[in-house]
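# Chain and residue survey
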Amino acid sequence: MPGRRAIKDVGKVEYPQRLSALRKAKGLTQAQLCEELGIKVNAYREWEMGRRRPELESLIMLAEYYGVSMDYLLGLEHVTLAASQAGDPLADLSDEARQSVYEFIEFVRQRDKKK
């Protein structure tokens with residue numbers, strides 16, 4: 001059944017990249033985030049690699065922590081709730097473009113730490 005396959009694949013590609021981008025946007029390592037939220041580092045690492053999916057309770061916690069909807073985390077929604085409500089200048093960018101911006105921000109942070 002085509003519909004069943006589509007449901008099974010929801011969020012398969014999107015959520016790992018979104019988790020990583022959101023964490024990096026806050027300037028956190030995986031270990032720092034896990035310590036702050038009480039998540040096991042190995043489990044979180046598996047989520048960001050796309051090998052495992054977070055349980056419902058973990059998705060709720062992550063969505064609340066980042067101020068996004070669970071739909072956004074799962075790739076069902078393009079723009080974060082906060083971005084759409086706050087007039088985020090990145091709101092109209094694709095996920096790939098947002099990731100590039102977040103990576104550049106992280107690059108600048110690391111560069112400034114070396115000064």
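Residues numbered from 1 in each chain as written. Predicted model: local features only at pLDDT ≥ 70, side-chain atom pairs only at ≥ 80, totals over all residues. Heavy atoms only, no water.

### Regarding the overall build of the chain
Along the chain, the regular secondary structure elements total eight helices and zero strands. Sequence-ordered secondary structure for the chain, helices as α and strands as β, is α-α-α-α-α-α-α-α. Here the chain, with 115 residues, has 31% of them falling under the buried criterion. Here the contacts in the chain between residues at least 6 apart in sequence split such that 53% fall between residues at least 24 apart. Here the chain displays about 7600 Å² of accessible surface, and carbon together with sulfur accounts for 55% of that area. (Helix = DSSP H or I, 4+ residues; strand = E, 2+ residues; numbered from the N terminus. Buried < 20%, exposed > 50% of the residue type's maximum accessible area, 1.4 Å probe, protein only. Contact = heavy atoms within 4.5 Å. Areas by Shrake-Rupley, 256 points an atom, 1.4 Å probe, with all protein chains shown as cover.)

### Notes on the packing of aromatic side chains
Tallied over the full model, the rule gives three aromatic pairs. Ring geometry for Y65 against Y66: centres 5.1 Å apart, planes inclined by 75°, an arrangement best described as edge-to-face. Positioned above the aromatic ring of Y72, the side-chain terminus of R18 is 4.1 Å from the ring centre. Over the aromatic face of Y65 sits the side chain of K26, whose NZ or CZ is 4.8 Å from the ring centroid. (Phe/Tyr/Trp six-rings, centres within 6.5 Å; stacked < 30°, edge-to-face > 60°. Lys NZ or Arg CZ within 6 Å of the ring centre and 35° of its normal.)

### Concerning the confidence of the model for the chain
Mean pLDDT for the chain: 78, with 74% of residues reaching 70 or above. Confidence scores differ between elements of the chain, with helix α1 (residues 2-9) showing the lowest mean pLDDT of 42 and helix α3 (residues 30-37) the highest of 95. pLDDT under 50 marks residues 1-12. Its contacts with residues more than four places away, or in other chains, come to seven contacts. (pLDDT = per-residue confidence, 0-100.)

### Re α3
Among the residues making up α3, those that are buried are Q30, L33, C34 and L37. Along the axis of α3, the buried positions cluster into a sector of 95°, meaning they face one direction only. Counted as exposed and oriented over 90 degrees from the buried face of α3: E35 and E36. Elements in contact with the buried residues of α3: α2 (14-25), α4 (41-49) and α5 (56-66). (Arc of directions from axis to C-beta.)

### Looking at α2
Taking 1.5 Å as the rise per residue, α2 with twelve residues should run 16 Å; its terminal C-alpha atoms sit 16 Å apart, in good agreement. Of all the positions in α2, only Y15, P16, R18, L19, S20, A21, L22 and R23 are classed as buried. Next to the buried residues of α2 lie α3, α4, α5, α6 (70-74) and α8 (95-113). Positive backbone phi, at 70°, marks G27, one or two positions downstream of α2. (Expected span 1.5 Å × (residues − 1).)

### A closer look at the nonpolar core
L19, I39, Y44, L62, Y66 and L73 are the most contacted members of the largest nonpolar core, which totals 17 residues. Broken down by secondary-structure element, the contributors of at least two residues to this core are α2, α3, α4, α5 and α6. Among the elements that line this core, the one with the most residues is α5, at four residues. Leaving out residues up to four positions away in the same chain, L73 has contacts with E14, Y15, R18, L19, L22, L59, L62, A63 and V68. (Core = buried A, V, L, I, M, F, W, Y, C linked by side-chain atoms within 4.5 Å.)

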